[in-house]
Amino acid sequence: MTGTTENHISGGVFFGVVVQGRTITLTLPDRPDPALAGLPRRSASFVGRRSQLDEVLAALAPAVPGETDETTGTVVVAGLAGTGKTELVLQAAHRALREENWFPGGVLFVDLHGYDAERRVSPKRALGTLLRALGIPPEHIPPGIEDRALVYRSALDALAAAGRRVLVVLDDVPATGKIRHLLPSDGSTATLVSSRHSLAELDALALTLRELPADEGRELLADTLRTALPEDARVAAEVNEADRLVALCGGLPLALRILASLLVDVPTRPLSRLRRDLEGAHSRLSVLSREERAVTAAFELSYRRLAEDQAGLFRLLSLHPGPDFSTEATAQLYGESVEETERLLLDLARRHLVEPRGLYGRWQQHSLVRLYSRERLVSGNDPWGEGLMRLLAHFHEMTTLAGERLFHPPTSRPAAESVFPDRSEALQWLETERHTLVAAVLWAHSADDDLMCVALAVPVSKFLMEMRYPEDAGLVLSAGIQSSRRRKDGFREASLLSSLGVVLRDKRKLRRSVRAHHKAIKICRRLKKRQALASALNNLGLSLHEQRKFEQAVAAHTEAAQLFKRAGDRIGVARALGNAGETLAELGRTEEAARALRKAAKTFRKQGDLRGYAQALGSLAMATRDEGQAEQAVELHKRALDMADGLLIPHDRATELCNFAGTLTAAGEFEAALTAQQEALATFRRLGDRRGEAMTLGNMALVRQRQGKWNKAVRLHTLALEAFLEGKDDHGLAAELRSLACALLQQGCNTEALENLNLAADLYHRTGDREREVDTLDFADQVRRRIGVGMRPVESRT
């Protein structure tokens, strides 16, 4: 007796290993046992994920001869439950197996059910299954996981060396260090892994699946339906409803497949009816369920594996009012340090229960995960009220500090002690949190927390107005006004009403704007709030200016300046003077305008208000230009634009660039004017300011006229007309029609030019600009006379 056991079997692939002190020579079959390692069926409907599929297949391809790479062929597909990880893995595996000479040794597949406590397969048990599939007799399978891993890797190495490369597919893998025992080590065997955890510790190509975009989600819904009902055309017939279903599902493939099943169940069910059933946020998860498949059940498996502190934070995340959230805000909600909160958020991110978004430190939840999180919160006993109040108070404090830093002159507080050391950081924070801040105001109002609603509405609306987000600002201000009235807080109501008037002015709803201002003024006079009254009058003057009621506007600004002076508000005085100066310039009182603007600029500079100073310089430049001093005006514009911190707000800079271009045009510097206008145009378009876009396009057209490039001028004037129509600026539209008529006359389009002049005169009449109406009608009469005596058209030049 030698104590050695030997098995001699002909055929197949031989390999030798040492197990528990014995040398055993085994013969492996050419391919794994399909009964134990067969690849599950893939879905007939596979949509999207094309780029990810290509990446997986590229990683699975055999290595080029002569090249070695220990990580070749190992791919981890991770993501939230229901994102289609298993489907992508199966699609890739089936396609790879059809490739000639990729995997002549076949496939090994194990579903570890890593998140199901009842069906979970341990790595040790999985190794036993894999070894049996490889042909290892049960009596030769070692009991320990380390020895099993040794036999498993040796077997795969032997198969690869014999030209029988195997594909290993490990589905639904949990986060455990023992998963390494299931990974081959020969550098040739390919491995596909799917998991709800990121498994970043593995040396592998990492792919994270997100939700499907609208078009791919719609295609998945349609393909799944057609697979069961080939003649079904409901998706094609209700494209908009299909897109809404995709949005309600957050593009989650599992949810879309469940919806398809529900539609297959009842072929007469319209998509619109299913959409209505799904729109109720409280019932959405219950609708997304059918027999053994349910979105809630998929999320539940991940939730059950969370530690107590992870689960606690996960439930609270549903309270965030906006579409995404920061670590700092979450720390306020959770009531722990930023460091501890970040640790837990990273834990949840590894499980894809939250996802990083944009800059580091911002996060988001899938919409269905958020609904599930809210259900867990409501069904539990978490004391979440205090956390929510801390969060809203945090938003109020930060918005107030950011607004002070951005819109007001520097305070005596050293920059190092401020939350926002400079204006750019304050602006970045506000822009990043914009949607969340709007949602927070609306939530407070709907929850009847009127005190918090009003407190938030004041600084939030200020930011939204200054940055030209009129729709958001209107929502916030309307909520704040209603909450103020419920609280019988006349002072705040007046302040918010006046702000609403400014927003309505920007939206070209001028009559409503003036009414809002008058309501605010009435309240302020009743309450005898001098400074608030001054602000309301100053804002009224701006709306009267847009109505071209210039004398009334000057009177309002003048009264506002006097009230500000009595209140000791020097910045307020400067603002009122600056506004009055711009209106005086419109009246042709250029000397008075220049004096007012110089005084305003001097005060702004002395008080350290760079933004006000830059704006006053720009307005003074235009008044100077109107006095015929174009070169001096150019220098004033340059001084305003050179103050980067003064014109940090994009709309401010775009407006000044547009005005600067007008002065450059007057000075004959046409190319420089066009360059400035291009930058301004890009900003107005980005901000969605159609009126600003219209004015810039019209001014660019005037430059082209000065250059004699009539075709380009006509094209630009036409674009400007379209923008003015959308911007609801009848006076601007009239001016543009007249300018277009001039360009058309140069092209010999006399009749069309005359029609535009008549339209312009009518619009001037409607806007009360009698002087321009008469001037335009006189011009039209001249054109008629010239046409009547056979005016010859001017040749077009480009």
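Report on the accompanying structure. Source: prediction; values computed, not measured.

What counts as what
- Residues numbered from 1 in each chain as written.
- Predicted model: local features only at pLDDT ≥ 70, side-chain atom pairs only at ≥ 80, totals over all residues.
- Heavy atoms only, no water.
- Axes fitted to C-alpha atoms, helices over the stretch in contact; angles between N-to-C directions.
- Helix = DSSP H or I, 4+ residues; strand = E, 2+ residues; numbered from the N terminus.
- Parallel < 35°, antiparallel > 145°, perpendicular 65-115°, else oblique.
- Left-handed = near helix turned anticlockwise from the far one by under 90°.
- Contact = heavy atoms within 4.5 Å.
- Nonpolar A, V, L, I, M, F, W, Y, C, P; charged D, E, K, R; others polar.
- Pairing = 2+ DSSP bridges.
- 1 Å grid on protein atoms, 1.4 Å probe; cavity = no way out; pocket = protein on both sides within 12 Å on 5 of 7 lines; lining within 4 Å.
- Points joined across faces, edges and corners; volume = space filled by probe spheres on them.
- Phe/Tyr/Trp six-rings, centres within 6.5 Å; stacked < 30°, edge-to-face > 60°.

## A closer look at the packing of helix H6 (residues 214–228) against helix H9 (residues 253–265)
The contact between H6 and H9 brings their axes to 9 Å, and the two run at 40 degrees. On the basis of the axis angle, H6 is oblique to H9. Two packed elements cross with a definite hand, and for H6 against H9 that hand is right-handed. Contact with H6, carried on its side by Gly-217, Leu-220, Leu-221, Thr-224, Leu-225 and Ala-228, involves Pro-253, Leu-256, Arg-257, Leu-259, Ala-260, Leu-263 and Val-264 of H9 and no other residues of that element. Taken together, the residues of the contact of H6 with H9 break down into 10 nonpolar, two polar and one charged.

## Observations regarding the sheet that holds strand E10 (residues 325–326)
Here three strands make up an open sheet; going across it, the order is E10-E12-E11 and the pairing antiparallel. The strands lining the two open edges of the sheet, one partner per strand, are E10 and strand E11 (355–356). As judged from the two bridges shared by E11 and strand E12 (residues 362–364), these two strands associate in the antiparallel manner. Residue Glu-355 lies in a different strand from E12, and its bridge partner there is Gln-364.

## Looking at empty space enclosed by the protein
One pass over the full model with this rule turns up one cavity of 30 Å³ or more. Space inside the largest cavity adds up to approximately 40 Å³. Looking at the largest cavity, the residues that line it are Leu-464, Met-465, Arg-468, Tyr-469, Pro-470, Ala-473, Val-503 and Asp-506. Where the lining of the largest cavity is concerned, the elements lending two or more residues are helix H20 (450–466), helix H21 (470–487) and helix H22 (490–506). Here the lining of the largest cavity is composed, by residue class, of six nonpolar, no polar and two charged.

## Details of unusual backbone geometry
Residues other than glycine seldom take positive phi values, yet Arg-468 does so here, at roughly 65 degrees. Tracing the backbone through its elements, the reader meets Arg-468 in the loop between H20 and H21. For Arg-548, which is not glycine, the phi torsion reads 65 degrees and is therefore positive.

## Concerning the packing of aromatic side chains
Enumeration over the complete set of coordinates arrives at seven aromatic pairs. Ring geometry for Tyr-303 versus Phe-314: centroids 5.8 Å apart, planes at 45 degrees, classification tilted. In this pair, Tyr-303 is assigned in helix H12 (residues 295–304) and Phe-314 in helix H13 (residues 308–316), connecting sequence segments 11 residues apart. An angle of 80 degrees between the planes, with centres 5.9 Å apart, marks the rings of Tyr-303 and Tyr-372 as edge-to-face. Note that Tyr-303 is positioned in helix H12 and Tyr-372 in helix H16 (residues 367–379), a separation of 69 residues in sequence.

## Here we look at the sheet that holds strand E5 (residues 167–171)
Strand order in the open sheet made by the five strands is E4-E5-E6-E3-E7, with parallel pairing throughout. At either margin of the open sheet sits one strand with a lone partner, and together these are strand E4 (107–111) and strand E7 (205–209). The sheet shows a mean angle of 15 degrees between the axes of neighbouring strands, taken without regard to direction. Sheet analysis places strand E3 (residues 74–79) next to E7, joined by five bridges and oriented parallel. Residue pairing across strands places Ala-78 opposite Thr-208, the latter belonging to E7.

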